[in-house]
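Chain by chain, the residues run as shown.
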Amino acid sequence: MQEVVLFLLLLGALSGGQALQLIHLPAMSKVAENSPPETSVHMFSVKLSASLSPVVPGFPLIINSSPLTRAFRVNWLSDTDFEVVTTGMEQLDFEEGPHIFDLQIYVKDDVAVTDLQVLTVQVTDVNEPPEFQGNLAKGLDLYIVEGTKPGFVYQVEAFDPEDTSQNLPLNYLLISPSKSFRMSANGTLFSTTEFDFEAGHSSYHLIVEVRDSQGLGASTELHVNIVNINDEIPRFTSLTHMYTIPEELSPGIIVAHITAEDPDDRGFTSFLLYSITTVNSYFMINQLTGAIQVARRIDRDAGELRQNPVISLEVLVKDRPSGGQENRKQITFTVEDINDNPSTCTKFTFSIMVPERAARGTSLLDLNKFCFDDDSEAPNNRFNFTMPSGVGRGSRFLQDPAGSGKIVLIGDLDYENPSNLAAGNKYTMIIQVQDVAAPYYKNNIYIYILTSPENEFPLVFDSPSYVFAVSELSPPRTRVGRVQATDKDFPQSRITYSISAGGASQQYPNIFWINPQTGELQLVTKADYETIPVYILRIQATNSEDSSSVTVTVNIIEENDEKPICTPNSYFLAIPVDLKVGTNIHNFKLTCTDLDSSPRSFRYSIGAGNINNHFTFSPNAGSNVTSLILATRFDYASRLDKIWNYKLLVYITDDNLLSSRKRAGALVETGTVTLSISVIPHPTTIITTTPKPRVTYQILRKNAYSPSAWYVPFVITLGSMLLLGLLVSMIILLAKAIRRHCPCKTETHKKPLVKRVEMKNTKREVMVETVQINTVFDGEATDPVTGAIYEFNSKTGARKWKDSLTQMPKWKESSPQGAAPRRPVPREGTRPPRSTDKERDGLSIRVHAEGAGLGPRSQASMPRTPKNRTQPSREGHPPDGPRRRELGNTARKLDRLDAASPYILRGQGGRQKM
């Protein structure tokens, strides 16, 4: 049974007994919007791990929230009870904020065991009363001018937080009724009477309340103030209405003085205020004195004054800055013209472009279209022009008629004319424009006449066509030739060259490039005669006026730039050692081609690897097909030849037919072929044929773990746990056996506590012997049967009689040695037998019975208690488990031995016969 219990405990430890758990999580809780701080949201507990380690201070805590919020935190209620509450750091608003928060609650104990669960908090809607916004929430002051007709005063507006779309109606009403005001249900405040400040009603106090559809409301105060006004209007005392002034008066000069008086004698005003109500920028008025001054320059010749020199003003006088009585008066100013503007032009510098082939008599410029006099009236606005002067005008230009300002062409402006070229085809004239009235203002006019060239001559190349030649070996950027075009027109403009057509191949879109400024033709890449021998280009020359094209032929000069190519390029041959000289080895032949050489231009030679010159080609020149020939025999016997494998490097050159004159400067290209030749020696033994070996396939299968085989780790884990349980049980049994057969030796007491008891009149003999281990007894108790006092250890449960000579009844000595009987004493660290131990109690009762003279019994009868006694010998120490059962079995054995006695002692004084 013990082994099963230990095995179950082991299974519990391995199955996660160390887990730390959050109780009542995950969960969902609700909290009302606008909840105050420390409002309880959810309560949960923590189940400690098997180590009973406490939760780390500061945990549990909210490590994350979705959406992110600081509105919640975790409060400690006890070591294992906690509560999620609101913090008040963020307002929970159902209408504007999130409705649901996912809070991740994390807990950790002292041994770093953790758990993480999610609490979902849902914010519920709570009806909120309407609110007044801004200054209206604190109370508002309203002002009504006395004498105002009854009607609209103010529109009161409130905001309902529950209605974000502002569609639900709110009901407004006045809490304090008033005869002078009323309010509509939509919040409009109306006056019902005309207020008179002098009647004594200067202010009113109103309380406005707003309610929503569910009866929640809010209120605010309105203070309505009646504003007093002045009833008397001022009167003008100055009688002049029309004034005449010249233009160009300096700012600040007083041109008129307006006076007025206020007949109101009630002392409401102590001064009058003057102002000009007409919008104007010429005059200003002193607010206190009524003096009208010039505000800025008055120009009779500009703006509205040029057409109408009369300025009308309205002067306003009032007795208060605002809300007072006022009066108005119309006055007029007439502005006179003076000759203050010189004759001028919109442009004083003219640049005229005239074509070189313009005809004589052509009108070039009319200055009257650009010159004027800003004075508004004659003769102040009249002017004329002087005769022109300047370099280069000569006999080419004239003012016709004189003084009219009209310039005409009377000479030749040919751009290529040498005399005009000397002047640079640029001419300058100076003419003055001046007034005809004093003080005769004048200004200079500068006229620049430029000759514009015309396209009189075409753009032509210096040759109708071009032919160039270039070698196909020329590298990129090689100069091929140069084209040039000219134009006789002046000024000379820059000519740009480009290739408009031709010059492409299959590999490159452009073989040639032309310098756009110089016309030099260059190679972009190498040309290949074998691909395209002749290129026809179309080159275009363009200037700012014209364009022209020319044909360019580029001949590609053929060069020997291609290497011979032979097939096969590499080959392996095996020949017997006794092959005859002159034999074509395996009928091997080379077939060669060259794109720029004839079939008879090839020459063959063998380079490295032809040791002792055993191999040659025939023919070795003049053909594109040649055979491999054995030139000399192999001599391995005299050790002239030592190698059996030859690797030949064959060179194919395409220059053998060139003449000696050409040979010096001609290019030579060489191709290569690699041949591997193996010489087979004479056989020294009979060649035996070997059968085709048989192939035996061995398939090695490995037991690979598959994740789908879930039973494998389960079976391994279960078997390991069973094996561990079996091992633990065997260790426990072994320890018990060692303890039973090899008791620990203790110090021998002079007088044993319990002597050996022998049962003589029985068939079986039982001996009970217990060795006491020294211990500390820190408590006392009274035996409920004998009334004797004994000491006990509160930790181990060990006990002893306090005074064995006075408390215990005398034992009847039957042992020849006279030794005192010994009683069982538990070892230190184990619990002693309780009062229900039948062995100890039986021994005690039997001693009492024999001492009382109950008849012949066994030599050392052991007292015992009734079998139904189950209470512990002292409070707080429950009966032991296996130890108690073991002692119970011993007591039952003693009961069976005592059955031979005809009497059984009950209690302390009585006996009954069976």
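Residues numbered from 1 in each chain as written. Predicted model: local features only at pLDDT ≥ 70, side-chain atom pairs only at ≥ 80, totals over all residues. Heavy atoms only, no water.

(A) Molecular detail of the pattern of salt bridges. Per the stated rule, a full pass over the model turns up 12 salt bridges. Of the charged contacts in the structure, one is a salt bridge between glutamate 314 and arginine 328, with a shortest N-O distance of 3.0 Å. In this pair, glutamate 314 is assigned in strand β25 (residues 310–318) and arginine 328 in strand β26 (residues 326–336), connecting sequence segments 14 residues apart. For arginine 328, a relative accessible area of 40% translates into the label partly exposed. For glutamate 454, the salt bridge identified is with arginine 357, shortest N-O distance 2.3 Å. Taken together, the positions of glutamate 454 in the loop between β35 (442–452) and β36 (460–461) and arginine 357 in the loop between β28 (349–355) and β29 (363–366) put the pair 97 residues apart, joining distant regions of the chain. Judged by its relative accessible area of 58%, arginine 357 is exposed. (Salt bridge = Lys/Arg side-chain N within 4 Å of Asp/Glu carboxyl O. Helix = DSSP H or I, 4+ residues; strand = E, 2+ residues; numbered from the N terminus. Buried < 20%, exposed > 50% of the residue type's maximum accessible area, 1.4 Å probe, protein only.)

(B) Up close: the packing of aromatic side chains. Counted under the stated rule, the structure contains 24 aromatic pairs. Here the aromatic rings of tyrosine 571 and phenylalanine 588 are separated by 5.2 Å at their centres, their planes lie at 35°, and the arrangement is tilted. Taken together, the residues span a long stretch of sequence, with tyrosine 571 in strand β46 (residues 570–576) and phenylalanine 588 in strand β47 (residues 584–593) at a distance of 17 residues. The exposure class of tyrosine 571 is partly exposed, given its relative accessible area of 42%. Taken together, Phe615, Phe634, Tyr636, Trp644 and Tyr646 form an aromatic cluster joined through their ring pairs. Directly above the ring of phenylalanine 190 sits arginine 182, whose terminal nitrogen or CZ lies 4.5 Å from the centroid. (Phe/Tyr/Trp six-rings, centres within 6.5 Å; stacked < 30°, edge-to-face > 60°. Lys NZ or Arg CZ within 6 Å of the ring centre and 35° of its normal.)

(C) Representation of helix α6 (residues 711–741). Across its 31 residues, α6 extends 45 Å between first and last C-alpha, which sits within 8% of the 45 Å expected from 1.5 Å per residue. Every buried residue of α6 is listed here: Met721, Gly725 and Ser729. (Expected span 1.5 Å × (residues − 1).)

(D) Molecular detail of the side chain of aspartate 487. Among the secondary structure elements, aspartate 487 is positioned in the loop between β39 (485–486) and β40 (496–501). For aspartate 487, the side chain forms a polar contact with the side chain of asparagine 543, separated by 3.1 Å. In this structure, aspartate 487 is in contact with Asn455, Phe457, Pro458, Leu459, Gln492, Asn543 and Glu545, ignoring residues within four places of it in sequence. (Polar contact = N/O pair within 3.5 Å; in protein donor to acceptor, adjacent residues only side chain to side chain. Contact = heavy atoms within 4.5 Å.)

(E) Structural detail: the state of the cysteines. The tally for this structure, following the rule as stated, stands at 2 disulfides. Across a sulfur-sulfur distance of 1.8 Å, cysteine 345 and cysteine 371 are joined as a disulfide pair. Between cysteine 345 and cysteine 371, the S-S torsion sits near 90°, and that sign places the bridge as right-handed. Of this pair, cysteine 345 sits in strand β27 (residues 343–345) while cysteine 371 is found in strand β30 (residues 371–373), placing the two residues 26 residues apart along the sequence. In terms of burial, cysteine 345 and cysteine 371 fall into one category: buried. The partner cysteine of cysteine 566 in its disulfide is cysteine 592, sulfur to sulfur 1.9 Å. Torsion about the S-S bond of the cysteine 566 and cysteine 592 cystine: about 105°, corresponding to right-handed handedness. (Disulfide = S-S within 2.5 Å.)

(F) Quick look at the sheet that holds strand β52 (residues 670–680). An order of β46-β52-β51-β48 is seen for the 4 strands of this open sheet, with the pairing classed as mixed. Across the chains shown, the open sheet's two edge strands, defined by having one partner strand only, are β46 and β48 (603–606). Shown here is a sheet whose adjacent strand axes are inclined to one another by a mean of 25°, direction ignored. Of the pairings in the sheet, the one linking β48 to strand β51 (residues 645–653) comprises 4 bridges and is antiparallel in character. Considered in β51, the bridge of serine 605 is made with tyrosine 651. (Pairing = 2+ DSSP bridges. Axes fitted to C-alpha atoms, helices over the stretch in contact; angles between N-to-C directions.)

All quantities given are derived from atomic positions and should not be read as evidence of function.
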